[in-house]
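Chains, contacts and geometry: an overview
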Amino acid sequence: MEIPLIDFSSGSDEELAAQLAYAMGEVGFMTVTNIGIPTEIIDAIFRVSSQFFERDTDYKHQYLYRNVSENFGYQGVGMESLEPGKPGDLKETFTLRLAPGSDLGEDRWPSEAFRSTAQNFYNECLGAATRIMRLMARVFELPEDFFSATVGGENVALRLLFYPREQQVADGGEQLGAGAHTDYGILTLLFQSGVGGLEVRDGNGQWIPVPSIPGSVVINTGDLMHRWTNGHFRSTEHRVKPMTSTQDRYSVAFFVDPDSQTLIEVLPQCVDESEGVTYPPITAGEHIRQKLQRSHN
Ligand SMILES: O=C(O)CCC(=O)C(=O)O
Ligand SMILES: [Fe+2]
C-alpha cells in the first residue's frame, strides 16, 4: 500500500475529487501539497509548540487538561491512551477545542502570542478543510456544503503534539508514541516536522510508514465519514512509534468533526442492495464522547 500524493495546485475540481475518492476509498490517507496554507503560518505554530513543550513540568501543569467536554489544555506523557487498555502514550499534547471561539479564561492560554498563532493557524486549516469537504460532497453528488455545513466548530480541535526523545518503553514494547486508533470525525489535517514515526495499517495488518514530506500535509478520513459513506471512505488505523532515539518529534493535528447534534446516517447513494446499511444512525456528539472517554481512562 502506498499513500497517494495529491498536488492541489494542478487539476480541475473534478480531477481532484477523483483523486481524493481513490485515496479515501482505498487507503483512507493521502499526502497533499499546495493546499494553500502559508508556510509562515505553519512555521509559527511549530515555533509556539516547541517553545511551550520545552518548558518545565511546573509551568506546563498550569495549563492542564481538565475534562473531555472542554477538550482543552496540556497533557503529559502517559495521560492518554489512544489505544484503550494499552499503557499511556509516550507523548505530550496541548489540545485546543474551538480555538477562535473558546470562552475559557485568559489563564488557560500560555500567552497572547500562543493564542493568536493558534487562532490564525486554526482559521487557515478550517479553510483548507472546507475545500476538501466540498470535494468530498462532489464525490457523492451532494450539495457542495453538505459536510461543511455540519461543522460550526464546537467539535473542531487543534492539537499540538510532542513526542520526547529517548523514551523508555514499558511492557515489552507495548507502549507507543500514539497507540493504534482511528480518528473520530470527518477528516484530520496532520503536519509533521520532518521526523518520521507515523504508520498506517494496510488491509493485511502491516504497518506502513507515512513519510514526512516537507511542505505537505497528511489528510485522513475519520469514523464519522466512514459511517456516513457506509464504509466507502475509510477510517484507517494509525499509530506513532515511540521516540527511543535522540530525536524529538513534533506534529500538529487539526480535527474536523461535525457539531454534536448532527445525525450521521448512511447516505442512500452509498447503499447497494448486496451490502445493505452497515451502520445505525448516531449523533456526532455521542460518537465523539464515547471515543474521548475510552482514551482518557
Ligand atoms: O502525531 C502524529 O503524527 C499522529 C497523531 C494522531 O494520529 C492523532 O493525534 O490522532
Ligand atoms: Fe490520529
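Computed from a prediction, not measured in an experiment: that's the story for all the values here.

Structurally, Pro164 can be placed in the loop between β5 (157-163) and β6 (178-181). The sequence separation of Pro164 and Ser116 amounts to 48 residues, and the corresponding C-alpha distance is 25 Å. For Pro164, the contacting residues outside a window of four places in its chain are Val77, Leu90, Lys91, Glu92, Met243 and Asp248.

Another point: the site of ligand 1. Looking at ligand 1, the residues that line it are Leu161, Tyr163, His181, Asp183, Leu190, Leu198, His238, Val240, Arg249, Ser251 and Phe255. For ligand 1, an oxygen atom lies 2.6 Å from a polar atom in the side chain of Tyr163. At 3.0 Å from an oxygen atom of ligand 1 is found a side-chain nitrogen or oxygen belonging to His181. Broken down by secondary-structure element, the contributors of at least two residues to the shell around ligand 1 are β5, β11 (238-240) and β12 (249-256). Element by element, the count of residues in the shell around ligand 1 is highest for β12, at three residues. Across the shell around ligand 1, the residue classes break down as six nonpolar, three polar and two charged.

Among the nonpolar cores identified, the biggest contains 88 residues, and Phe94, Leu96, Phe147, Leu187, Leu189 and Phe191 are the most heavily contacted of them. With twelve residues, the top contributor of residues to this core is helix α4 (residues 112-139).

Here we come to the coordination of the iron ion (ligand 2). The protein atoms that coordinate the iron ion (ligand 2) are His181 (NE2), Asp183 (OD) and His238 (NE2), at distances of 2.1 to 2.2 Å. Sequence spacing among the residues donating to the iron ion (ligand 2) works out to H-x1-D-x54-H.

Taking 1.5 Å per residue as the helical rise, α4 with its 28 residues ought to reach 40 Å, and the 41 Å between its terminal C-alpha atoms agrees with that figure. N-cap assignment for α4: the residue whose side-chain oxygen lies 3.4 Å from the backbone N of Ala113 is Ser111.

The rules we used
- Residues numbered from 1 in each chain as written.
- Chains lettered and ligands numbered in written order.
- Predicted model: local features only at pLDDT ≥ 70, side-chain atom pairs only at ≥ 80, totals over all residues.
- Heavy atoms only, no water.
- Helix = DSSP H or I, 4+ residues; strand = E, 2+ residues; numbered from the N terminus.
- Contact = heavy atoms within 4.5 Å.
- Near = heavy atom within 4 Å.
- Polar contact = N/O pair within 3.5 Å; in protein donor to acceptor, adjacent residues only side chain to side chain.
- Nonpolar A, V, L, I, M, F, W, Y, C, P; charged D, E, K, R; others polar.
- Core = buried A, V, L, I, M, F, W, Y, C linked by side-chain atoms within 4.5 Å.
- Buried < 20%, exposed > 50% of the residue type's maximum accessible area, 1.4 Å probe, protein only.
- Donors = N, O, S within 2.8 Å, 3.2 Å for Na, K, Ca; no water.
- Expected span 1.5 Å × (residues − 1).

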